[in-house]
Amino acid sequence: MDNKEVEIEVAMDGDDEDGSLLLQRSVKKLHFGSWEEKEMAAMEIGRLAKGDVKTRKLMAELGVIPALVELVDSEVTARRQVAVKALIELANGTYTNKALMVEAGIFSKLPKKRDVSEDLMMHDFAELILSLSSLANTQFPLASSEVLPFLVGILESSSSVETKESCLGTLNNFSAVLENAGPLISNGVVQTLLSLISVKELSETALATLGHLVVTLMGKKAMEDNPMVPKSLIEILTWEEKPKCQELSAYIVMILAHHSSSQREKMAKSGIVPVLLEVALLGTPLAQKRALKLLQWFKDERQTRMGPHSGPQTGKLAMGSPVNPRETQEGKKMMKNLVKQSLHRNMEMITRRANASGESSKLKSLVISTSSKSLPY
């Protein structure tokens with residue numbers, strides 16, 4: 001009996017739990033058994049690890065994590081799968097076990113997309129990485145690891161929605177740390193996310209991740225230069241059945257529009273103003289607030305002569321740039337007409353929401369007689 005076997009027996013000594021003998025035998029086989037025995041041991045360890053955190057911590061003390069990580073590198077798909085499933089269970093609820101997996105080099109064992117044909121296997125890897133991504137707020141080897149190309153590869157493949165949800169959750173955790181913006185953007189994450197925001201099952205997490213990235217200079221620049229912006233974001237603003245997505249899209253649009261007259265011009269040409277009017281009328285309180293702020297910027301853009309990249313200015317005029325009274329009146333008239341057009345187009349929807357279908361004509365006459373001056377922007 002070598003030293004490692006002695007250590008395992010000593011660690012288990014005195015533990016009279018029913019499964020203690022089975023755990024001891026499984027740990028020994030994982031360390032010293034044949035490949036077939038290692039596979040069976042990994043399966044048993046995964047089952048036992050579902051018990052409680054105490055058992056999972058004990059298994060880590062017995063050195064099962066490095067052994068399982070090595071098994072992940074096997075060329076036999078079944079062995080890799082049981083090892084990954086066991087690691088998922090061991091990572092549950094314990095920071096130390098997750099750190100040990102990263103330290104053991106789990107990210108260097110990630111399969112290339114062409115190596116794995118089964119989506120179930122990819123799903124298991126994605127689930128494990130999602131669990132480990134909670135370490136993102138500590139020292140995490142993101143820039144030097146293979147995890148980002150792996151995640152992007154899955155997101156750009158035909159993998160299941162569930163697998164992609166795990167990958168997006170991981171990217172969202174990573175993006176919450178500002179220092180990770182560089183590696184994320186250099187790995188093409190912005191383009192990948194923009195291509196997924198139109199998928200309604202994935203849109204919310206993709207938009208939340210973009211919201212983290214857009215506050216950085218690199219992230220904002222990547223979005224400004226992308227041909228999908230702003231049209232894809234404007235489209236999401238019309239998703240009345242997805243209020244959270246509307247709020248997130250409005251937030252990203254605000255960041256892009258602020259201090260960028262060129263972006264505001266692109267947005268205006270893409271038809272954002274009528275869409276914002278609808279959100280201001282029918283959106284959630286937060287979406288309404290953001291839409292109204294954006295509308296104020298577009299109104300000011302029309303009324304004042306603003307230099308390039310000077311940013312939205314409310315109630316403040318640049319020296320030497322007096323407002324032309326004629327332009328002011330034209331701007332007010334334009335906004336008034338836009339408001340009326342939008343209100344007329346959405347009148348029936350508003351009426352239904354107000355549960356006042358019997359008073360539609362009365363509401364219509366009220367809207368027609370209402371001036372845009374009554375709106376808070």
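Since the structure is predicted, the reported quantities are computational estimates derived from the model, not experimental observations.

The rules behind the values
- Residues numbered from 1 in each chain as written.
- Predicted model: local features only at pLDDT ≥ 70, side-chain atom pairs only at ≥ 80, totals over all residues.
- Heavy atoms only, no water.
- Axes fitted to C-alpha atoms, helices over the stretch in contact; angles between N-to-C directions.
- Helix = DSSP H or I, 4+ residues; strand = E, 2+ residues; numbered from the N terminus.
- Parallel < 35°, antiparallel > 145°, perpendicular 65-115°, else oblique.
- Left-handed = near helix turned anticlockwise from the far one by under 90°.
- Contact = heavy atoms within 4.5 Å.
- Salt bridge = Lys/Arg side-chain N within 4 Å of Asp/Glu carboxyl O.
- Buried < 20%, exposed > 50% of the residue type's maximum accessible area, 1.4 Å probe, protein only.
- Expected span 1.5 Å × (residues − 1).
- Nonpolar A, V, L, I, M, F, W, Y, C, P; charged D, E, K, R; others polar.
- pLDDT = per-residue confidence, 0-100.

Draft legend 1. Inspection of the packing of helix α8 (residues 119–132) against helix α9 (residues 147–155) at higher detail. For the pair α8 and α9, the least separation of the axes is 11 Å and the interaxial angle reads 130°. With respect to each other, α8 and α9 are oriented oblique. The handedness of the crossing between α8 and α9 comes out as left-handed. Here Met-122, Phe-125 and Ile-129 of α8 lie close against α9, whose contacting residues are Val-147, Phe-150, Leu-151 and Ile-154.

Draft legend 2. Focus on the pattern of salt bridges. Tallied over the entire structure, the rule returns 10 salt bridges. Ionic pairing is found between Lys-109 and Glu-70, a salt bridge with its closest N-O pair at 3.7 Å. Pair noted here: Lys-109 is in the loop between α7 (95–103) and α8 and Glu-70 is in helix α5 (residues 64–72), with a separation of 39 residues, a long-range link. When its relative accessible area of 46% is taken as the criterion, Glu-70 is described as partly exposed. For the salt bridge of Lys-244 with Glu-247, the shortest nitrogen-to-oxygen distance reads 4.0 Å. Residue Lys-244 and its partner Glu-247 are both found in helix α16 (residues 243–257); the two are separated by three residues, about one turn of the helix. Classification of Glu-247 as buried rests on a relative accessible area of 12%.

Draft legend 3. Examining α8 more closely. With 14 residues, α8 ought to run about 20 Å at 1.5 Å a step, and its terminal C-alpha atoms sit 20 Å apart, in line with that. For α8, the secondary structure elements touched by its buried residues are α5, α6 (77–91), α7, α9 and α10 (161–175).

Draft legend 4. Looking closely at the packing of helix α3 (residues 35–48) against α5. At a minimum axis distance of 11 Å, the contact between α3 and α5 shows a crossing angle of 120°. Regarding the angle of α3 to α5, the classification is oblique. Where α3 crosses over α5, the handedness of that crossing is left-handed. Contacts from Trp-35, Lys-38, Glu-39, Ala-42 and Ile-45 of α3 reach α5 at Val-64, Leu-68 and Leu-71. Across the contact of α3 with α5, the residue classes tally to six nonpolar, no polar and two charged.

Draft legend 5. Focus on the confidence of the model for the protein. Scored by pLDDT, the protein comes out at a mean of 81, with 71% of its residues at no less than 70. Ranking the elements of the protein by mean pLDDT puts helix α22 (residues 360–368) last, at 43, and helix α13 (residues 203–213) first, at 98. The model gives residues 305–323 a pLDDT under 50, and that stretch makes 33 contacts with residues more than four places away or in other chains. In this model, residues 354–377 is a region of pLDDT below 50 whose contacts with residues beyond four sequence positions or in other chains number 24 contacts.

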